[in-house]
Amino acid sequence: MSLDRQLTIFRAIGEETRLRIMALLVRGELTVTEITQILGQSQPRVSRHLKILTEAGVVDKFREGSWMFYRAASPAPAPMTEIVAALKALNKSGDRVIARDGERFAQSREARAAAAAAYFEKNAAEWDRLRGLQIEEEAVEARMRALAPERVGLFIDLGAGSGRMLTIFADAYEKGIGFDLSREMLAVARANLDRAGVSHAQVRHGDLFALPLESGVADVVCIHQVLHYLAEPAAAVAEAARLLKPGGRLLLSDFAPHNLEFLRDKHAHRRLGFS
Ligand SMILES: C[S@@+](CC[C@H](N)C(=O)[O-])C[C@H]1O[C@@H](n2cnc3c(N)ncnc32)[C@H](O)[C@@H]1O
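Residues numbered from 1 in each chain as written. Predicted model: local features only at pLDDT ≥ 70, side-chain atom pairs only at ≥ 80, totals over all residues. Heavy atoms only, no water.

## Thoughts on the packing of helix α2 (residues 16-25) against helix α5 (residues 80-91)
Counted only if it meets this: To obtain each axis, a line is fitted to C-alpha atoms, and for helices this fit is confined to the stretch in contact; angles are then taken between N-to-C directions over 0 to 180 degrees. Here a strand is any run of E in DSSP of at least two residues, a helix any run of H or I of at least four, and the numbering for each starts at the N terminus. For classification, angles of less than 35 degrees are called roughly parallel, those exceeding 145 degrees roughly antiparallel, those between 65 and 115 degrees roughly perpendicular, and all remaining angles oblique. The contact rule is simple, with two residues in contact once any of their heavy atoms fall within 4.5 Å. In the scheme used here, Gly and all other residues not listed as nonpolar or charged are polar, with Ala, Val, Leu, Ile, Met, Phe, Trp, Tyr, Cys and Pro taken as nonpolar and Asp, Glu, Lys and Arg as charged.
The interhelical angle for the contact between α2 and α5, taken along N-to-C directions, is 90°, at an axis separation of 9 Å. As judged from the angle between their axes, α2 and α5 are roughly perpendicular. Counting all contacts with α2, which are made through Leu19, Met22 and Ala23, the residues of α5 involved are Met80, Leu87, Leu90 and Asn91. Of the residues assigned to the contact of α2 with α5, the class counts are six nonpolar, one polar and no charged.

See the structure below:
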């Protein structure tokens, strides 16, 4: 890498607000509004800093409808590997400003997760009707079935909701475990599994980002209509990969990219689909 290029990178990062932004983005991707709230600075100012970081190639941005997301560049330019390690160390250093940013980052994440949890709490009983409104569910489910191996040992469903996936795949696994954060959803799932006579599946309360399971235990991991609620969809896929046996299969279904902003306001979606 040329001297000029290195200088651009170091100049971009060598300023207090931009260093704080970088330290935040190695924690996880954020919208410009969230960065503005965490730093307590005006949106135009934060946008100016983000522009410098983006132009230097150390931050990636992507638009989804009216939201702009930012994350640490991937793949990172050459000196970034060391810089990211230094930023991670800075996040753990106990520095007062960085520690406060970290607390606000966590609060921002919690607020987002709480909004989604409140949505599912409120809609648990009605969820099966709502999910049918959003997608052509029969076609999706038939496709999911066709992609799955005929018979497996352990089938894990992340964000199991009302237990629909555990039910439609019931004849394809020996043991099914579904995880969900919403206790209301879990209650609905238990009732649905009972009603369908599925006794070889259970649902448990758990955060799909940190599941109490050993690595490499699952034959199939299913994530159906969950990613668009998550702050870190890639981390959810990584957790699924961790759970899978070598040669295991990930069944992933979600919206294609769309512009239906109302799904954010009315249905707690964070992401407008995936390509
Ligand atoms: C849209 S529902 C989908 C449910 C089910 N997969 C289906 O297709 O009907 C999304 C589910 O993900 C759950 N969820 C969201 N974030 C989660 C997390 N971090 N860990 C576990 N479950 C989560 C919600 O509580 C909700 O039940």
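We are not done yet, so read on.
## Examining the sheet that holds strand β5 (residues 173-180)
Filter applied, for reference: Two strands qualify as a pair provided that DSSP identifies no fewer than 2 bridges between them.
As summarised here, the arrangement of the five strands in space is β6-β5-β4-β7-β8, forming an open sheet in which the pairing is parallel. This sheet does not close on itself; its edge strands, each paired only once, are β6 (201-205) and β8 (244-253). Between one strand axis and the next, the sheet turns through 20° on average, direction left out of account. The pairing of strand β7 (residues 218-224) with β8 spans six bridges and is classified as parallel. Bridging across to β8, Ile223 finds its partner in Leu252. Packed onto the sheet, helix α10 (residues 183-195) meets β5 and β6 and runs at close to 170° relative to β6. In the packing of helix α11 (residues 233-243) onto the sheet, the strands contacted are β4 (152-158), β7 and β8, and the crossing angle to β8 comes to about 145°.

## Details of helix α6 (residues 96-123)
Rules: Here the expected length of a helix is defined as 1.5 Å per residue gap, with one fewer gap than residues. To sort residues, take the accessible area from a 1.4 Å probe on protein chains only and compare it with the maximum for the residue type: under 20% means buried, over 50% means exposed, and anything in between is partly exposed. N or O atoms closer than or at 3.5 Å make up a polar contact, with two conditions inside protein: a donor-capable atom paired with an acceptor-capable one, and, for residues adjacent in sequence, both atoms drawn from side chains.
Compared with an ideal rise of 1.5 Å per residue, which puts 28 residues at 40 Å, α6 spans 40 Å between its outermost C-alpha atoms and is within 8% of the ideal. The set of residues buried in α6 consists of Val97, Ile98, Asp101, Gly102, Phe105, Ser108, Arg109, Ala116, Tyr119, Phe120 and Asn123. Sitting at the head of α6, Asp95 places a side-chain oxygen 3.1 Å from the backbone nitrogen of Val97.

## Remarks on the pairing of β7
Taking burial as the measure, the seven residues of β7 include seven buried ones, the bulk of the element. Across three bridges, β4 lies against β7 in parallel orientation. Each bridged residue has a counterpart across the sheet, and for Ile156 the counterpart in β7 is Val221.

## Notes on the pairing of β6
This is how the line gets drawn: When the strands point away from the viewer, a crossover counts as right-handed if the route from the first strand across the helix to the second turns clockwise.
Summarising the sheet, β5 and β6 pair through five bridges and their orientation is parallel. The partner of Gly176 across the bridge, within β6, is Ala201. Considered for its hand, the β-α-β crossover made up of β5, α10 and β6 is right-handed.

## Quick notes on the domain arrangement of the protein
Definition in use: Start and end points for every domain follow an automatic or database-based domain assignment. Summed over both partners, buried area is the accessible surface (1.4 Å probe) that two parts give up on being assembled. A pairing counts as a salt bridge when a side-chain nitrogen of Lys or Arg comes within 4 Å of a carboxyl oxygen of Asp or Glu.
Split by domain assignment, the protein resolves into domain 1 (3-93) and domain 2 (126-267). Relative to domain 2, the C-alpha centre of domain 1 lies at a distance of 33 Å. Each partner contributes to the interface: domain 1 provides eight residues, whereas domain 2 provides six residues. Summed over both partners, the interface of domain 1 with domain 2 comes to about 470 Å²; 33% of that surface belongs to carbon and sulfur atoms. Here Glu64 makes a salt bridge to Arg264, at a shortest N to O gap of 3.2 Å. Along the contact surface separating domain 1 from domain 2 lie three residue pairs in polar contact (both at pLDDT 80 or more). Classifying every residue of the side of domain 1 that touches domain 2 gives two nonpolar, three polar and three charged.

## Things to note about the packing of aromatic side chains
Rules: Side-chain rings of Phe, Tyr and Trp, where Trp is taken by its six-membered ring, are said to pair if the distance between their centres is within 6.5 Å; with planes under 30 degrees apart they count as stacked, over 60 as edge-to-face, and otherwise as tilted.
Applying the stated criterion across every chain, the model contains six aromatic pairs. For the ring pair Phe62 and Phe69, a centre distance of 5.3 Å and an interplane angle of 10° mean the geometry is stacked. Relative accessible area serves as the criterion here: at 18%, Phe62 is assigned to the buried category. A ring pair is formed by Trp67 and Phe69, whose centres lie 6.1 Å apart and whose planes are at 55°; its orientation type is tilted. On the basis of relative accessibility, which here comes to 0%, the residue Phe69 falls in the buried class. Ring pairing ties together the aromatic residues Phe62, Trp67 and Phe69, which thus form one cluster.

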